[in-house]
There are 2 protein chains.
Amino acid sequence: MFSIGELSKRTKVKVPTIRYYEEMGLLPEAERTAGNQRRYDKAGLERLSFIRHARDLGFSIEAISSLIELQNHPDRSCEAATDIASSQLADVRAKIKRLRTLEKELSRISKGCDGEGVSEDCYVLASLADHNLCDHEH
Amino acid sequence: MFSIGELSKRTKVKVPTIRYYEEMGLLPEAERTAGNQRRYDKAGLERLSFIRHARDLGFSIEAISSLIELQNHPDRSCEAATDIASSQLADVRAKIKRLRTLEKELSRISKGCDGEGVSEDCYVLASLADHNLCDHEH
DNA sequence: TATACAGTCTCTAGTAACTAGAGGTTCAAG
DNA sequence: CTTGAACCTCTAGTTACTAGAGACTGTATA
């Protein structure tokens, strides 16, 4: 049995965040000492590691709740879990695509002022003001 | 002179968002009719288009404030604006990098349950529970 | 000119996923 | 037994909006 601070150290999840997860129902209510402090065991550690890892991968709290829900009902859980993971993957791919477009435009914009040439007016500001300077939509 | 709804239609920025931008100081306080309704002109339209475009590119409200500030003090504005754009670019690139890592792991995870083989336990859940299944850090 | 009704106004509260701080209590080491 | 770090709850703040209540305005039509 260890304290919330200990759990925090081991999982790299901040103390207030752990309490927040408990409040959100991601973690079961922790056992308490006589003095009302939370105590955790190995199961708690594993559960929080699971959550941490899923959060790192960008799963929302809601998605993680569903995954935990599935763990408790192992029938058909694999398909449903795969669905959640796939949709997360689609999400990530969409974000990457969008960011690549932005990257192109931003690198074009911020190259504008480098060196000589375009210094009459600020190219950055002009680019942002006039969308026609883009070669694509958004 | 046109109404906030008209401005909204032309810029694709929602009405409450326009009011929000005004409150945040991104837009100057709009002129009002006798009946207290906002009225805009071409300048307002351009300013909001600028903001919209910058937001689309992922600039924060704060960064946009700085850019607007710079427009009002054209001395040295170009360098400072380029700095803001470059840092935005660095940000975008970092995000892309991170997302690529996630993409790899997620695609590995969600492939797990496809077809035959690993169906004893759910591979998705196992992967999330056990970080050792990853071949990288995060 | 009267009326209907879409559009507008302000204000408050809610969203996601935390983070920070106040003010008070408990645990463990010396 | 005393100290002080760690813990407790509660409230409020963060970002960039979005939603809703309840009241007022502007304009098109009869």
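Because the structure is predicted, anything quoted here is derived from the model rather than measured.

(A) Structural context of the protein's contact with DNA strand D. By nearness alone, 18 residues border DNA strand D, and Gly5(A), Arg19(A), Thr17(B), Thr33(B) and Arg55(B) come closest of all. Here DNA strand D approaches the protein such that, of its atoms within 4 Å, sugar and phosphate make up 89%. At a separation of 2.8 Å, a phosphate oxygen of DNA strand D approaches a polar side-chain atom of Tyr21(B). Listing elements by their share of the surface near DNA strand D, those giving two or more residues are helix H1 (4–11) of chain A together with helix H2 (15–23) of chain B. Top contributing element to the surface near DNA strand D by residue count: H2(B), with 3 residues.

(B) Inspection of the nonpolar core at higher detail. Counting residues in hydrophobic clusters, the biggest one holds 72 residues, and the most contacted among them are Phe59(A), Leu67(A), Leu128(A), Phe59(B) and Leu128(B). Beyond its immediate chain neighbours, meaning those up to four positions away, Phe59(B) contacts Leu106(A), Leu128(A), Ala54(B), Ile64(B), Leu67(B), Ile84(B), Ala85(B) and Gln88(B).

(C) Summary view of a positive patch on the surface. On the surface, Arg100(A), Lys104(A), Arg100(B) and Lys104(B) cluster together into a patch of positive charge. Contributions of two or more residues to the positive patch are made by helix H5 (77–111) of chain A together with helix H5 (77–111) of chain B. Inspection of the secondary structure assignment puts Arg100(A) in helix H5.

(D) Layout of the relation of the copies chain A and chain B. In screw terms, the move from chain A to chain B is a rotation of 180° and a rise of 0.0 Å along the axis, fitting with an RMSD of 0.1 Å. The superposition of one copy onto the other is thereby described by a two-fold rotation axis. Across chain A, the rotation axis passes nearest the C-alpha of Ile96(A), at a separation of 2.9 Å. When the interface residues of chain A are mapped onto chain B, 98% of them again lie at the interface, so the same face is used by both copies.

(E) Up close: helix H1 (residues 4–11) of chain B. Residue and element names in this part refer to chain B. Within the span of H1, buried status applies to Ile 4, Leu 7, Ser 8 and Thr 11. An end-on view of H1 places all buried positions within 105° of arc, on one side of the element. Residues of H1 that are buried sit in contact with H2, strand E2 (38–39) and helix H3 (42–56). Following H1 by one or two positions, Lys 12 adopts a phi angle in the positive range, close to 60°.

(F) How the structure looks around the packing of aromatic side chains. All names here are of chain A. Overall, the coordinates contain 2 aromatic pairs over all chains when judged by the stated rule. Judged by centre distance (6.1 Å) and plane angle (45°), the rings of Tyr 20 and Tyr 21 are tilted. Lying across the ring of Phe 2, Arg 10 places its NZ or CZ 4.2 Å from the centre.

Calculation notes
- Residues numbered from 1 in each chain as written.
- Chains lettered and ligands numbered in written order.
- Predicted model: local features only at pLDDT ≥ 70, side-chain atom pairs only at ≥ 80, totals over all residues.
- Heavy atoms only, no water.
- Near = heavy atom within 4 Å.
- Polar contact = N/O pair within 3.5 Å; in protein donor to acceptor, adjacent residues only side chain to side chain.
- Helix = DSSP H or I, 4+ residues; strand = E, 2+ residues; numbered from the N terminus.
- Core = buried A, V, L, I, M, F, W, Y, C linked by side-chain atoms within 4.5 Å.
- Buried < 20%, exposed > 50% of the residue type's maximum accessible area, 1.4 Å probe, protein only.
- Contact = heavy atoms within 4.5 Å.
- Patch = residues over 30% accessible without salt bridge, like charges linked within 9 Å, V, L, I, M, F, W, Y side chains within 5 Å.
- Areas by Shrake-Rupley, 256 points an atom, 1.4 Å probe, with all protein chains shown as cover.
- Salt bridge = Lys/Arg side-chain N within 4 Å of Asp/Glu carboxyl O.
- Lys, Arg positive; Asp, Glu negative; His and termini not counted.
- Charge placed at Lys NZ, Arg CZ, Asp CG, Glu CD.
- Least-squares fit on C-alpha atoms with pLDDT ≥ 70 in both.
- Arc of directions from axis to C-beta.
- Phe/Tyr/Trp six-rings, centres within 6.5 Å; stacked < 30°, edge-to-face > 60°.
- Lys NZ or Arg CZ within 6 Å of the ring centre and 35° of its normal.

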